[in-house]
Amino acid sequence: MRISRRRLLALGLGTVVAAREPQRLLRAASASALEPRLNPITLERFVDPLPIPLIARSVATRPSPDDPRRQLPFYRVEMRELESVVHRDVLPTRQWGYGGTVPGPTFETRSGEGLLVEWVNALPAKHLLPVDHTIHGAQADKPEVRVITHVHGAKAPPSSDGYPEEWYATGQSRTLYYPNAQDAALLWYHDHAMGITRLNLYAGLIGAFIVRDAAEGALGLPAGEYEIPLILYDRFFSRDGQLSYPVSGDPTAPWVPEVYGSTTLCNGKIFPYLEVEPRKYRFRVLNAANGRHFNLLLSNGQSFQQIGSDMGLLAAPTVLKNVMLFPAERADLIIDFSEHAGSDIRLRNLTDEILQFRVRGATRKDTSVVPANLRDVPRIVESTAVLTRVLTLNDHGDHAGNSMRMLLNDMHWDMPVTEKPVLDTVEIWSLVNLTDDAHPIHLHLVRFQILDRRPFDLFTYNATREIKYTGPAVPPPANEAGWKDTVRTDPGRVTRIIICFEGFVGRYVWHCHLLEHEDNEMMRPYEIVAAAEDAAVGHEITLKHDHVHTAS
Ligand SMILES: [Cu+2]
């Protein structure tokens with residue numbers, strides 16, 4: 001009988017590593033050496049125009065689940081296999097898209113105007129990419145292709161949030177309800193099926209979801225054709241243009257701990273160009289990659305303004321020369337091309353080219369403005385928190401130091417729910433990163449603020465489980481000081497966030513947004529409860545987290 005990684009961990013690593021050695025070596029060799037891949041350096045740059053995803057159109061109206069006398073727009077979106085051209089000189093790529101494109105159509109809605117979407121699984125029954133059946137929730141007794149859509153950043157009831165275990169198979173659909181009772185922001189929708197989220201997103205199941213409101217509309221920001229979503233992600237391609245997802249070398253357990261593709265796409269194209277006028281533009285940038293973070297800058301060294309982050313506008317614009325986005329994070333950027341008519345400016349990830357702006361003639365006068373004050377972002381006062389939870393980020397490696405599984409608070413997905421905040425209370429979550437990686441941590445349903453990041457001594461922690469700080473707590477920079485739903489937690493640091501659990505009672509999830517981590521159990525349920533019976537409330541406590549690790 002084959003020993004699964006999970007079992008291997010339970011047995012203790014040292015004893016069985018020798019037996020695994022050949023597989024480990026294979027893993028190190030990696031599939032990339034075996035399979036000829038497309039090298040993006042060979043591609044001619046800036047030959048394809050930047051695609052702008054179409055706006056999703058409702059097909060009917062349906063009664064509101066909250067108030068049957070109200071009619072809400074009803075959308076029907078099919079997930080289908082499709083072929084699309086990612087570059088002029090690359091053969092069409094088989095992908096999975098919402099509504100026939102990758103990225104899918106952009107939802108446009110207004111705060112408080114609810115909508116319903118029937119998400120239809122019209123995908124093939126066999127997965128496009130290698131499924132690892134040793135991963136929790138993706139066992140071989142389940143359909144290989146399973147989907148459940150989550151709108152990232154949405155304040156949705158638990159039954160419509162896309163709980164990972166509420167997946168459904170090919171030929172089925174679910175209608176989910178988004179009340180959109182929340183501030184203007186760039187949200188995004190993507191698949192969230194247990195154990196295969198990384199594969200479903202890599203296949204193409206992503207799209208933008210924009211919430212607008214009157215306050216934002218009154219500001220006079222660049223709009224219409226001057227407001228453009230930029231959805232960034234990276235992939236590997238085979239030489240014949242097909243998606244290539246890295247595998248471990250062990251065909252029975254192909255999961256790999258991280259994916260950094262060789263090729264960056266913007267709105268579904270490699271090295272696209274965008275003709276722009278010499279004026280201000282608003283770019284709604286989303287990192288939809290599985291694992292890569294982007295450090296974005298402009299090739300001419302020009303600075304830009306960041307006016308918003310994950311959950312909408314900042315209090316005030318902040319001027320930057322580069323902006324870092326981890327997976328699932330968003331940046332709302334104003335780039336002013338008015339001084340650059342006739343020039344070509346590239347958007348880069350450090351030195352890697354992503355997108356070329358061709359600054360050409362103006363068609364009309366730029367009347368847009370970027371006000372000095374965008375909105376009030378009142379700081380949540382620390383003393384209002386009823387609870388501080390100390391939650392660890394853990395990495396379990398094999399003998400050779402390869403990451404085999406990351407966990408939250410050293411707990412597996414199917415262990416009892418331990419985080420039960422009370423509705424309408426404020427908590428501080430103190431995220432203690434014991435790993436070598438930065439992890440973007442996302443909580444469903446809620447928005448939060450970053451309090452600070454503070455270095456601590458890992459050796460002391462491992463010996464005594466005491467957090468001994470080695471430096472001062474650093475508050476977030478201006479572009480991280482607004483409303484967030486995903487926070488970068490740096491290695492060897494405690495990252496504190498403050499959260500008001502508003503909206504709904506029920507079960508949600510929180511997880512790392514590196515999708516390979518998320519799928520391999522760096523995800524936990526949490527439950528918002530109506531009363532204080534299940535949660536310690538009214539006094540500040542520090543939860544113990546030195547419980548025994550019980551691998552299943
Ligand atoms: Cu992670």
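Residues numbered from 1 in each chain as written. Predicted model: local features only at pLDDT ≥ 70, side-chain atom pairs only at ≥ 80, totals over all residues.

### Notes on the overall build of the protein
Let me state the cut-off plainly: Comment: elements are numbered from the N terminus, with helices defined as DSSP H or I runs of at least four residues and strands as E runs of at least two. For every residue, the other C-beta atoms within 10 Å of its own C-beta are counted; 20 or more classify it as buried, 12 or fewer as exposed, and values in between as partly exposed. C-beta atoms are placed from the backbone. We call two residues in contact when the distance between their C-beta atoms, placed using the backbone, is within 7 Å.
Looking only at helices and strands, one finds six helices and 34 strands in the protein. Counting across all 552 residues of the protein, residues that qualify as buried make up 45%. For the protein, the proportion of contacts with a sequence separation of at least 24, taken over those separated by at least 6, is 78%.

### Quick notes on unusual backbone geometry
Of note, the bond from V102 into P103 is cis; its omega dihedral lies within 30 degrees of zero at -5 degrees. Take P103: it is sitting in the loop between strand 4 (93-98) and strand 5 (107-110). We note that F271 has phi near 50 degrees; this positive angle belongs to a residue other than glycine. With respect to the secondary-structure elements, F271 resides in the loop between strand 16 (269-270) and strand 17 (272-276). Classification of F271 by C-beta neighbours within 10 Å gives buried; the count is 23. Phi is positive for L350, which is not a glycine, with a value near 50 degrees.

### Concerning the nonpolar core
Side chains of nonpolar character tend, in soluble globular proteins, to be buried together. As a reminder, the rule being used: A set of buried residues drawn from Ala, Val, Leu, Ile, Met, Phe, Trp, Tyr and Cys, joined through C-beta atoms within 7 Å, is what defines a nonpolar core.
In this structure, W188 and L232 are the most contacted members of the largest nonpolar core, which totals 129 residues. Per element, the largest residue contribution to this core is six residues, and it comes from strand 13 (residues 227-237).

### Topic: the confidence of the model for the protein
Short version of the rule: The predictor attaches a confidence to each residue, called pLDDT, with possible values from 0 through 100.
In the predicted model, the protein carries a mean pLDDT of 91, and 89% of its residues have values of at least 70. Low pLDDT (under 50) marks residues 1-33, which in the prediction has 42 contacts with non-local residues, meaning those over four places away or in another chain. Taken as a whole, residues 536-552 scores under 50 in pLDDT and shows 26 contacts with residues more than four places along the chain or in a different chain.

### So, the sheet that holds strand 1 (residues 48-49)
The test is simple: At least two DSSP bridges between two strands are needed for those strands to be called paired.
Spatial ordering of the open sheet is given by 1-17-25-24-19-22, a layout of six strands whose pairing is mixed. For this open sheet the edge positions go to strand 1 and strand 22 (322-325), each flanked by a neighbour on one side alone. Taken together, the four bridges between strand 19 (residues 294-298) and strand 22 define a ladder with antiparallel strand orientation. In the sheet register, L297 faces strand 22, and the bridge partner there is N322.

### Quick word on the environment of F357
In this fold, F357 is placed in strand 25 (residues 352-359). Look at F357 and you get buried, because 24 C-beta atoms sit within 10 Å.

### Observations regarding the environment of G104
Residue position: G104 is located in the loop between strand 4 and strand 5. Classification of G104 by C-beta neighbours within 10 Å gives buried; the count is 27. In the structure, G104 is positioned 85 residues away from Y189 in sequence and 8.9 Å away in space, judged by C-alpha atoms. The residues contacting G104, other than those within four sequence positions of it, are P53, V77, G97, Y98, G99, I206 and G207.

### Observations concerning the environment of I210
Structurally, I210 is set in strand 12 (residues 206-212). A C-alpha to C-alpha distance of 5.8 Å links I210 and L187, two positions 23 residues apart in sequence.

### Thoughts on the sheet that holds strand 12
Just so we agree on the cut-off: Orientation is described by axes fitted as lines to C-alpha atoms, over the contacting stretch for helices, and by angles from 0 to 180 degrees between their N-to-C directions.
Taken together, four strands build an open sheet; the order of strands is 5-12-11-8 and the sheet is mixed. One side of each edge strand has no neighbouring strand; the edge strands of this open sheet are strand 5 and strand 8 (149-152). Taken pair by pair, the neighbouring strands of this sheet meet at an average axis angle of 25 degrees, ignoring direction. Inspection of the sheet shows strand 5 paired to strand 12 by four bridges, in the parallel sense. Across the sheet, T109 pairs through a bridge with V211, a residue of strand 12.

### A few points about the pairing of strand 19
Sheet topology note: the strand 19/strand 24 (residues 344-349) ladder contains three bridges and is antiparallel. Each residue of the ladder has a partner; that of L298, found in strand 24, is L347.

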